[in-house]
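A look at the structure
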Amino acid sequence: RGTVEINMSKTTLQTSLEDLEKENQKLKEKYNSLVCKLEERLRCPVCLEVPTTGPVYNCLYGHSVCSSCYTGYNSDCPQCRVKMYKITSLLAATVIENIDHTCQHEGCGERFPADLLGIHHDQCNFRLVKCPALKCRDTMPFNSIIDHLSHDCSTLFHLPVKIMLVTNDSASLKYTFKEQDAFTFFTRTFFWEDHYFFSIIYPKKNTLRFYIQMLGSEEESKKFKIMITIEPTCIGGRGKHTFIDHPFSMNGKDDFFEDSGLIIGRRALESVSGDMEKFKCVLNFYKV
């Protein structure tokens, strides 16, 4: 009898669980239907986008325009042509703040509350970023960078991309250049602690500039530090130049990269290179 009662209890619980799942599914469908209707009412008739921030401007007949497409006090409503003036909709702003919004990066499709959407945009795997090679700078989705470097970036490598694997927590990676070849663009790819890093070396105004870029977000890049050291490789070379900082994320702008990192003048580099016209760039990777 006890076994029968237990089995009946299990059956009852299972039935209750299934009923709850069905009810939950109905509520989700009802919520999604409501959100779709609200989005259509909010959708700007000019850019055809659902605004993710306010204010939203209304004409006297209730037609709305997002803040990006609103053109001023004397502008006409794009739907009924009456004056827009500067009437804003508190109801539209409230709806925007309380519904989930779809990520606008092509291929993503995830939905987030308005206050989290910006954070996701900066970290989305489908966000558009530029190739780390300064002679390329093609734009592509974040999750396509390594594939691009391996197959499409002809300006970065004359040969197929070679990724250097780093196995130690703090690794010294050494490579040598001839001085007469050093004043060209040069990029290498490293893989360490499940992340990709790019060492960028490029000339500008009689200087050679070194910086490290990381395939990650600004928040992720703050978890690492890279020390760049330029030192002699042979007798006759003098001096050493060192720079340590967080790697740059993929979200940075070109003008920021160009004046950052380790900057060495031609004469200082010649001093380090010595008679053999060679120097060594050592990269040490650290977790913060």
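A few points on the structure. Just so it is clear, the structure is predicted and the values come from calculations on it, not from any experiment. (Residues numbered from 1 in each chain as written. Predicted model: local features only at pLDDT ≥ 70, side-chain atom pairs only at ≥ 80, totals over all residues. Heavy atoms only, no water.)

1. Digging into a nonpolar patch on the surface
Where nonpolar side chains cluster on the molecular surface, the patch consists of Leu60, Tyr61, Tyr73, Tyr85 and Ile87 and spans about 550 Å² of accessible area. Using a relative accessible area of 61% as the deciding quantity, one classes tyrosine 61 as exposed. (Patch = residues over 30% accessible without salt bridge, like charges linked within 9 Å, V, L, I, M, F, W, Y side chains within 5 Å. Areas by Shrake-Rupley, 256 points an atom, 1.4 Å probe, with all protein chains shown as cover. Salt bridge = Lys/Arg side-chain N within 4 Å of Asp/Glu carboxyl O. Buried < 20%, exposed > 50% of the residue type's maximum accessible area, 1.4 Å probe, protein only.)

2. What to know about the packing of aromatic side chains
With the rule as written, the count across this model stands at 10 aromatic pairs. Taken together, a centroid distance of 3.7 Å and an interplanar angle of 5 degrees make the contact between tyrosine 57 and tyrosine 70 stacked. Residue tyrosine 57 is found in strand 1 (residues 56-58), and its partner tyrosine 70 is found in the loop between strand 2 (64-66) and helix 2 (90-98); the two are separated by 13 residues along the sequence. By relative accessible area, which is 16% here, tyrosine 70 ends up buried. Their ring planes at 50 degrees and their centres at 5.4 Å tell us that tryptophan 192 and phenylalanine 285 sit as a pair that is tilted. Here tryptophan 192, found in strand 9 (residues 186-192), pairs with phenylalanine 285, found in strand 15 (residues 278-287); they are 93 residues apart in sequence, far enough to count as distant. (Phe/Tyr/Trp six-rings, centres within 6.5 Å; stacked < 30°, edge-to-face > 60°. Helix = DSSP H or I, 4+ residues; strand = E, 2+ residues; numbered from the N terminus.)

3. Topic: the nonpolar core
Nonpolar side chains tend to gather and get buried jointly when the protein is soluble and globular. Formed by 21 residues in total, the largest nonpolar core has its most connected members in Phe197, Phe210, Ile228, Ile230, Phe279, Leu283 and Phe285. Contributions of two or more residues to this core are made by strand 9, strand 10 (195-204), strand 11 (207-214), strand 12 (224-232), strand 14 (262-265), helix 8 (266-273) and strand 15. Those residues in contact with phenylalanine 197, other than ones at most four positions away along the chain, are Arg188, Thr189, Phe190, Trp192, Ile212, Gln213, Met214, Phe224, Ile226, Pro247 and Phe285. Listed in part, the 18 residues of the second largest apolar core include Ala133, Met140, Tyr202 and Leu215. (Core = buried A, V, L, I, M, F, W, Y, C linked by side-chain atoms within 4.5 Å. Contact = heavy atoms within 4.5 Å.)

4. As for helix 2
One turn of the α-helix equals 3.6 residues, which is why residues spaced by three or four share an orientation. All of the buried residues along helix 2 are Ala92, Val95 and Ile96. Take helix 2 and look down its axis: the buried residues cluster within an arc of 100 degrees, on one side only. In helix 2, the exposed residues that point more than 90 degrees away from the buried face are Leu90, Leu91, Glu97 and Asn98. (Arc of directions from axis to C-beta.)

5. Focus on a negative patch on the surface
A grouping of Glu18, Asp19, Glu21 and Glu23 is seen on the molecular surface, where their side chains present a negatively charged patch. Along the polypeptide, glutamate 21 turns up in helix 1 (residues 2-42). Classification of glutamate 21 by relative accessible area gives partly exposed; the value is 49%. (Lys, Arg positive; Asp, Glu negative; His and termini not counted. Charge placed at Lys NZ, Arg CZ, Asp CG, Glu CD.)

6. Considering the state of the cysteines
Taken as a whole and assessed by the stated rule, the structure comprises zero disulfides. You can see cysteine 47 has no disulfide; the closest cysteine sulfur is in cysteine 69, sitting 3.8 Å from it. (Disulfide = S-S within 2.5 Å.)

7. Let's talk about the side chain of arginine 209
Inspection of the secondary structure puts arginine 209 in strand 11. Here threonine 207 takes part through its side chain, which lies 3.0 Å from a polar atom of the side chain of arginine 209. (Polar contact = N/O pair within 3.5 Å; in protein donor to acceptor, adjacent residues only side chain to side chain.)

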